[in-house]
Every structure is written in C-alpha cells, then in structure tokens.
Amino acid sequence: MARLLVAMLLTCTVAACGGTHELTRSALDHDFEAIQSAAAEGALLSHDVSRGRTTSAFARVHGGELAAQAEAVSARLESAQSSASLKDDVALARRLATSVARDLERLDEASEDEAGRIARRLEEAAQTADRESA
Amino acid sequence: MNKVFAIALGILAAIGGFVDIGDIVFNFAAGAAFGYELLWAVVVGVGAIITYAEMCGRVASVSGRAVFDAVRERLGFSVGMVTLVAAQIVNLLMVAAEVGGVALVLQLLSGLPYRALLLVAVLGLGLVVWFMPFGWIERVFGYGGLLLLVFAVGAIKLNPDWGEVGSGFVPHVAGTDTALYFYFVVGLIGAATVPYEVYFFSSGAVEERWTPKDLGVNRANAMIGFSLGGFLSFALMITAAALYFPRGIDPSKLGSVGLGAEVPLGAAALVIALVGILFAVGGAAIDTVLSGAYNVAQFFGWEWGKYRKPAGAPRFTFAWLVLVALGFLVVLTGIDPIMLTEYAVIFSVVALPTTYIPILLVANDRAYMGRYANGRWANVFGLVFLVVICAVAVAAIPLMVVTNMGQG
C-alpha cells in the first residue's frame, strides 16, 4: 500500500513538473500554421522595407515580435518528443521556424535589396509551411 | 448651431469610446479568421449599444442622475452591488489592457522599450484625467480617433470582393470550425457592448447637464456616434479579410493592425493609423477609468464629476486614481495586453446581463421616468438585444474553453 502511494505521488509530481510531451500530428500542423502565419506576415513587412514604405521603428519592433513568435515555435518543437513517423516533419518545422526567426531579426538592419531577398525567402517558407500543414 | 455642436461632440465621444482595444483586436482577428463572414455580428453589437446607450442617456436627461445611481435607487442595494462588483472587475481588466495597448502603440511609433512606455502611458493617463476638462477630453480623443478612418481608405484600396462583403452582413454560420466562429460572434458583440460604454455615456450626459429637452441630442449621439464607430469596425474587419485571410495570417499583435494600413497605403498611413489607435485606445482608457470611478461614487452617494475640481470630489478622484494604479500593476506583471483584452472582453460578456437588465428595468419605470419611460419600439429592441446578450453571456465561457481562447 505504501509503495502504491509513493508511486502515485511520484507520478503526480512528474506530471505537475510538466515533463516532455508526445507531439501529435494535429499539434505539429498547428505549429506549421504558426510558422506560415509569421512568415507570410513577415514577407509583407519585408516587402515594405524593401520599398521604403515603412518606418524603421515599426520594422524593428514588429519584425522583432514576429521573430519571437517563430522562435517560440522552434523552442517548443525542440523540447517536444515525437514518434518516429513525425521526426522528419518535426525537424523540417524546426528548421523553417529558425530560419524565419533569423530572417526577421536581420530585417532591422537590412538594406532595401537585402529586405527584398528576405521577403522572397519568407514567402517560400510560408508556402512550405502551408504545404506541410495541409 | 449650439445643438449641432452638442451633437458633434457627442458623436466624437461615441467614436472615441466605442473603438477601444477590444474592438480593434476582435474585429481584426475575426476578419483574418473568417473573411467577411462576421460583419453581421458587428451590426448586432452596434444595434445593442445604440439601444441601451439611448436608454441610459434618456434616464440621465430625465432624472439628472446617471444610470448606476438610478439602478441603486430603484432596484436596491443588492442588485446595485452585484452590478457594481461585476462592472468593476471588468473595468480593471479593461484599464490594464488599454494602458498596455497605449504603451504598445507608443513602442511601435518610437521603438523605445515597452516597460518604460508603460510608465509614460499611465502618467499621461493620470495627467489628462486630472487636468483636462471633460469637454476637451471628448474633443481631443474623439477627433484623434477619427484618424482610424485611414483603415476605410485602405480597405477600399485593397479592392475587396464587394459581393462577398455584402453577403457578410447576412447572418449565417460559415467555415468548418463552428465553435471558433461563434467564439468570434461572442467576442464581437461583447467588444461592442462592454459595460463601461453605457455607464460613461450616461454619466457624460449628467456632466453635460442634459435635460429632457436634450433627448433629441441624446438619440442623435447614440445613433450616429455608435454607427460611425461600427463603420470603423467594418473597415478594420474588411482590411484584415482582404489582406490577411487569403494569406492565412493570424494577427496576434497590435503591429499586425498597423501593417494593415501600411501595406495598401504606405508609411504615412501607418503613422496615421498608429496615432489613430493611440487616441482611440487612450480615449477608451480614460472612459473606462472615469466609468469605474463614476460607478463607485454613484453607488455610495459620493460627490462625483469632472465638472467639479478634484478637491470638490475627493473620493471620486481617489477612486479613479486607485483604478489607474491597479491597472498599471496588472499590466506591469508582463501579461500580454492583447491576451488580457480577449479575457476582459469575454468576461465582460458574462457580466453583460447584470448591466443591461437593470438598465431596461429603470428605463421602463414610469414612477421614475414619467412620460419618458420606454415606448413600444425601445422595449422591442431592448428585449430582442437582451435575449442576444443573455445568449452570448451563457455561451462565452464554454466557447472560450472549447476554442482555447480562439486559438482553435
């Protein structure tokens, strides 16, 4: 009886500590959608930076917000456990999220030409993420 | 001419108080999630607020007392206390969300750190409420809020499918995620009918010294002012629907709203939009703070009103200072103001019946209102919208849970 209680207590403690969780396909689709959203919006912002249609303060602050969103997805995927069938998709999602975050962080100091290239990369990332979540 | 001016002032006040951070967030998010399919929900919300704001203004004009005062007097201490507690909890959340919203907009304009701008926002709020006369608050923040019309220009520039826009005004269930769809219905109606709007409207009527001969002005203020606020809400939703919905973008930041003006119209429109949001959200913060202080002062029978100097209404002044300070502490915890806005709107929906049922009862009380009590049409619309309000109040929390706060 004592062992059973200890086992239950340990189980509850581990659960309360929020140990790593198994990533489902549905959750991964949500992450792809989040990456797609940040990348698509970042592409709009980058296009405006490349054409001088925004302010530097706005590009820095809002670009930073979108980068943080993508970075949060990357961090979440890094800590998640997944089945063997999802491993490749999870790795792709992490690479996409990380590259979207890095591009958006670069936007602040990018020249107009570089901002145009960032916009195209973000559009491609958005399309890839959209395909994977479908 | 004075009457026209009085109407203009009231219209501006209605715009400034109506389009707050909740309206901005929910209308933009709804457009991005469902395209034009939820425009009809804005119409329902605007209809409800026009109906009940007119009642509140009429109660204040006839009795010389704001509606909260009248509720306590006619319906008793217990009913008044329930209404007061519910309203104050929502007011506190809204003040915190609006102060955070002001700081976010200042950050998007200046690039300065958010936490430092929180202090600027709360100090600015305190100074404006302390020193600026009531009429000037209406003018400054009302005119400033009109800058949001840039979204109407942008929405047209985005060349939406106007046939689809038109079909969005017809109530129907759209999309595959029904729970999420109705979550936004609840949010849109809730954002349009947050309790502080009617309390502020009626207290403002007393501040402006309205009498029964101002009932025409009251009706014009309510109908035209809130309709214009609804028009701005349409512009926000159509912008998001035309720009973000086709791209699958989920606009979870206030910057996403600014981008909605920038993409079709450029940098100048971005700045105009952000300044417009600053005045709208700042004006709403002032309205909410004053509404909270009005409620407490009227319930306990204290002297109140901006027309008295702070020394002439010390407990009223203390009440709004406490609300500002508490709102600042809430947002200082680091909670995301946009997320806080969503919680505030959804929880305010739950409290809506405690606000609107007493208003309907007082407005119908012939012993109190005499020949100015509700007529047939006021009661028809009042009851119809009350049923809607009660339905969304019941559905709000379950939908919030099922949809994970609209995340799907």
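Residues numbered from 1 in each chain as written. Chains lettered and ligands numbered in written order. Predicted model: local features only at pLDDT ≥ 70, side-chain atom pairs only at ≥ 80, totals over all residues. Heavy atoms only, no water.

A. Structural view of the packing of helix α4 (residues 87-106) of chain A against helix α5 (residues 112-133) of chain A. All names here are of chain A. Relative to each other, α4 and α5 sit at 155°, their axes nearing to 10 Å. The angle between the axes of α4 and α5 places the two elements in the roughly antiparallel class. Between α4 and α5 lies a crossing whose hand is left-handed. Two secondary-structure elements touch here, α4 through D89, L92, L96, V100, D103, L104 and R106 and α5 through I118, R121, L122, A125, T128, A129 and E132. (Axes fitted to C-alpha atoms, helices over the stretch in contact; angles between N-to-C directions. Helix = DSSP H or I, 4+ residues; strand = E, 2+ residues; numbered from the N terminus. Parallel < 35°, antiparallel > 145°, perpendicular 65-115°, else oblique. Left-handed = near helix turned anticlockwise from the far one by under 90°. Contact = heavy atoms within 4.5 Å.)

B. Layout of α4(A). Residues and elements named next belong to chain A. Here α4 contains 20 residues, and its C-alpha end-to-end distance of 29 Å stays within 8% of the 28 Å for a straight helix at 1.5 Å per residue. Burial in α4 covers these residues: V90, L92, A93, L96, A97, T98, V100, A101, D103 and L104. Its buried side turned inward, α4 meets β1 (22-23), α2 (25-50), α3 (56-79), β2 (81-82) and α5. (Expected span 1.5 Å × (residues − 1). Buried < 20%, exposed > 50% of the residue type's maximum accessible area, 1.4 Å probe, protein only.)

C. Layout of the pattern of salt bridges. All names here are of chain A. Summed over all chains, the structure comprises 14 salt bridges over all chains. Between R25 and D89 there is a salt bridge, with the nearest N and O atoms lying 2.6 Å from each other. Pair noted here: R25 is in helix α2 and D89 is in helix α4, with a separation of 64 residues, a long-range link. The class of R25 is partly exposed, set by a relative accessible area of 30%. A salt bridge links E114 to R121, with the nearest nitrogen and oxygen atoms 3.6 Å apart. (Salt bridge = Lys/Arg side-chain N within 4 Å of Asp/Glu carboxyl O.)

D. Representation of the interface of chain A and chain B within the structure. On the side of chain B, 28 residues touch chain A, which itself brings 18 residues to the contact. Across the chain A to chain B interface the summed buried area is about 1,800 Å²; carbon plus sulfur atoms make up 59%. Where chain A packs against chain B, one counts 0 salt bridges. On inspection of chain A and its partner chain B, the count reaches 9 residue pairs in polar contact (both at pLDDT 80 or more). Listing elements by their share of the side of chain A that touches chain B, those giving two or more residues are α2 and α3 of chain A. (Buried area = accessible area lost by both parts, 1.4 Å probe. Polar contact = N/O pair within 3.5 Å; in protein donor to acceptor, adjacent residues only side chain to side chain.)

E. A look at the side chain of D31(A). Relative to the helices and strands, D31(A) resides in helix α2. With sequence-adjacent residues up to four places away left out, D31(A) is seen in contact with L23(A), V73(A), R76(A) and L77(A).

F. Region of interest: the confidence of the model for chain A. Of the residues in chain A, 84% have a pLDDT of 70 or more, and the chain-wide mean is 88. Throughout residues 10-19 of chain A the model reports pLDDT below 50, and contacts reaching past four residues in sequence, or to other chains, amount to 1 contact. (pLDDT = per-residue confidence, 0-100.)

G. Inspection of the layout of surface pockets at higher detail. Approximately 1,500 Å³ is the volume found for the largest pocket. Looking at the largest pocket, it is lined by 50 residues, and the ones nearest its centre are H30(A), E33(A), D250(B), G406(B) and Q407(B). For the lining of the largest pocket, the secondary structure elements donating two or more residues are α2, α3 and α5 of chain A together with α2 (21-34), α10 (178-192) and α16 (337-364) of chain B. A per-element tally of the lining of the largest pocket places α2(A) first, with 9 residues. Here the residues of the lining of the largest pocket sort into 26 nonpolar, 14 polar and 10 charged. Taken as a whole, the second largest pocket holds about 340 Å³ of empty space. (1 Å grid on protein atoms, 1.4 Å probe; cavity = no way out; pocket = protein on both sides within 12 Å on 5 of 7 lines; lining within 4 Å. Points joined across faces, edges and corners; volume = space filled by probe spheres on them. Nonpolar A, V, L, I, M, F, W, Y, C, P; charged D, E, K, R; others polar.)

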